Amino acid sequence: MQFSMGQGYAEGGLMSEPDEQRLITEACLHGLRARLCDDVDALDSYLPPHVAALARKIAGVLKVPQPATA
């Protein structure tokens, strides 16, 4: 049996703790990858909406800091 991206996510309900940890871990990895590739907009094309939204938030936090000016 083959799973597509997004299968196994809870639909509109509470997830168990391991599922929540998996969601956060997956979103962190996708957000980091999107930030490194500068392709945050592509997250919507291959992730379920709730994972893409969380990954976008994480990618936003991972913006490259600008050097401080004195």
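In this report, we go over the structure that sits alongside the text. (Residues numbered from 1 in each chain as written. Predicted model: local features only at pLDDT ≥ 70, side-chain atom pairs only at ≥ 80, totals over all residues. Heavy atoms only, no water.)

Some details on the packing of helix α1 (residues 17-37) against helix α3 (residues 49-61)
- Two numbers describe how α1 lies on α3: the axes approach to 7 Å, and their chain directions differ by 55°. Comparing the axis directions of α1 and α3 gives the class oblique. As α1 packs across α3, the resulting crossing turns out to be right-handed. Together, L23, I24, E26, A27, C28, H30, G31 and R35 of α1 and H50, V51, L54, A55, I58, A59 and G60 of α3 make up the contact between the two elements.
- Here the residues of the contact of α1 with α3 sort into 9 nonpolar, 4 polar and 2 charged. (Axes fitted to C-alpha atoms, helices over the stretch in contact; angles between N-to-C directions. Helix = DSSP H or I, 4+ residues; strand = E, 2+ residues; numbered from the N terminus. Parallel < 35°, antiparallel > 145°, perpendicular 65-115°, else oblique. Left-handed = near helix turned anticlockwise from the far one by under 90°. Contact = heavy atoms within 4.5 Å. Nonpolar A, V, L, I, M, F, W, Y, C, P; charged D, E, K, R; others polar.)

Quick look at α3
- Its 13 residues give α3 an end-to-end C-alpha distance of 19 Å, which sits within 8% of 18 Å, the value for a rise of 1.5 Å per residue.
- Within the span of α3, buried status applies to V51, A52, A55, I58 and A59. The buried residues of α3 all sit within an arc of 125° when viewed along its axis, so they share a single face. Opposite the packed face of α3, turned more than 90 degrees from it, sit the exposed residues P49, K57 and V61.
- Elements that come into contact with the buried residues of α3 comprise α1 and α2 (43-46). (Expected span 1.5 Å × (residues − 1). Buried < 20%, exposed > 50% of the residue type's maximum accessible area, 1.4 Å probe, protein only. Arc of directions from axis to C-beta.)

Geometry only, nothing functional implied.
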